[in-house]
Amino acid sequence: MKLNTSIAGIDFDGFAYNACGVNDEILKQLEKLGDSDSAAILLKSCSIEPRKGNENPKYIVKSNLIPGCTLNSMGLSNRGLEENLSYVDSLKTTNKKPVIASLTCFSKEEHLILFKAFQDQGKADLIELNFSCPNVGAHGLIGYYPELVDEILTQLDTTKGNIKYGIKLPPYFEEWYFDKISDIILKHNVGFISCINTLGNALVIDAEKESTVIKPNFGRGGLGGDWIKPIALSNVNSFYRRLDRKISIVGVGGVRNGKDAFEFLLAGADSVQVGSAFAQESYPIFTKIHNELNQILESKGYNSVQEAKGKLKFL
Ligand code: RRO
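Bear in mind that the values here come from a model prediction, so they are computed numbers and not experimental data. (Residues numbered from 1 in each chain as written. Predicted model: local features only at pLDDT ≥ 70, side-chain atom pairs only at ≥ 80, totals over all residues. Heavy atoms only, no water.)

Chemist: I keep staring at the confidence of the model for the chain and nothing clicks. Help me out?
Modeler: A low pLDDT score tells you not to read the predicted coordinates there in detail. Taken residue by residue, the chain gives an average pLDDT of 96. The fraction at 70 or more is 99%. When mean pLDDT is taken per element in the chain, strand β16 (residues 271–274) scores highest with 99 and helix α3 (residues 108–121) scores lowest with 95. (pLDDT = per-residue confidence, 0-100. Helix = DSSP H or I, 4+ residues; strand = E, 2+ residues; numbered from the N terminus.)

Chemist: Explain the site of the ligand here, please?
Modeler: Around the ligand, the structure places Lys-44, Asn-72, Met-74, Gly-75, Leu-76, Asn-130, Cys-133, Pro-134, Asn-135, Asn-197 and Thr-198. Between the ligand and Asn-72, the relevant distance is 2.8 Å, taken from an oxygen atom to a side-chain nitrogen or oxygen of the residue. A distance of 2.7 Å is found between an oxygen atom of the ligand and a side-chain nitrogen or oxygen belonging to Thr-198. When the ligand is considered free in solution it has 320 Å² of accessible area, and contact with the protein chains removes 93% of it. (Near = heavy atom within 4 Å. Polar contact = N/O pair within 3.5 Å; in protein donor to acceptor, adjacent residues only side chain to side chain. Areas by Shrake-Rupley, 256 points an atom, 1.4 Å probe, with all protein chains shown as cover.)

Chemist: Mind showing me how you'd approach the sheet that holds strand β14 (residues 220–225) here?
Modeler: Spatial strand order, β5-β6-β14-β11: 4 strands in an open sheet with antiparallel pairing. Either end of the sheet is taken by a strand with one partner, and the two such strands are β5 (59–60) and β11 (199–203). The sheet contact formed by β11 and β14 spans 3 bridges and is antiparallel. Residue Leu-203 lies in a different strand from β14, and its bridge partner there is Arg-220. (Pairing = 2+ DSSP bridges.)

As structure tokens, this is what we get:
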């Protein structure tokens, strides 16, 4: 069975692709994604200027202290706007897969400049605005300030090009956030949402060494992987019930196998991104997830991902 889907009107040949921030900072890694079974190529969030990011150690990929999870405080390391524009250009000449640019910022103005640059270039298939980086101070988490989300989306000039955009959201835990953010999404021309980003400011302690495990920010960073899947599923479904099928939903958080992907599909996702499991299991993870999801759908008598979407039963 084909696991094809579509996000904001762009066709995807598969259901799973890389989550932002994992093996997507330089062209060589992005080209490898092109050669893999990843359904798309998502670039690392970029700022206008290149950034080295935080001090090492800043990324725990595998540890018995957090089995199945990762902890990062990369601090938005990226090669900057010019380099990322050239990556998109190069990937679009060598690849058929959708290429997704990701933008992040320290100010509203930076978001508007970055957005305009990718719109003017006109080569990326989609643009993901990262409103949820947990590692760059209070201002990084735009998603927790609905008025600021509304303001940025109001000021984006979407008339110049026709690239659809979406927003990457932080995990929410309160009903009013889902109501408020959904209203804003429906009010603007948002094509998709990706939820969730890592769980911010998590502290992992090595009891034996009586120490933190990463250096930045008093040892705190974004937690990803197995432990955050229930929160990601709840965010996907909370938006799915409010967005009235008008907006594509990309589920991210703890997807490591076909069953995880199927759970996100039941919750209402149109596709999934794979972060921690991709960091831990590398490029074959996409083939594995697609094969397993295929088997599950076939065994349950579904003929496409669309047939199973949002079919979660409530007790
Ligand atoms: O670079 C990072 O520290 C980072 C980003 Br931009 C993000 O969106 N999420 C994350 O966990 N780390």
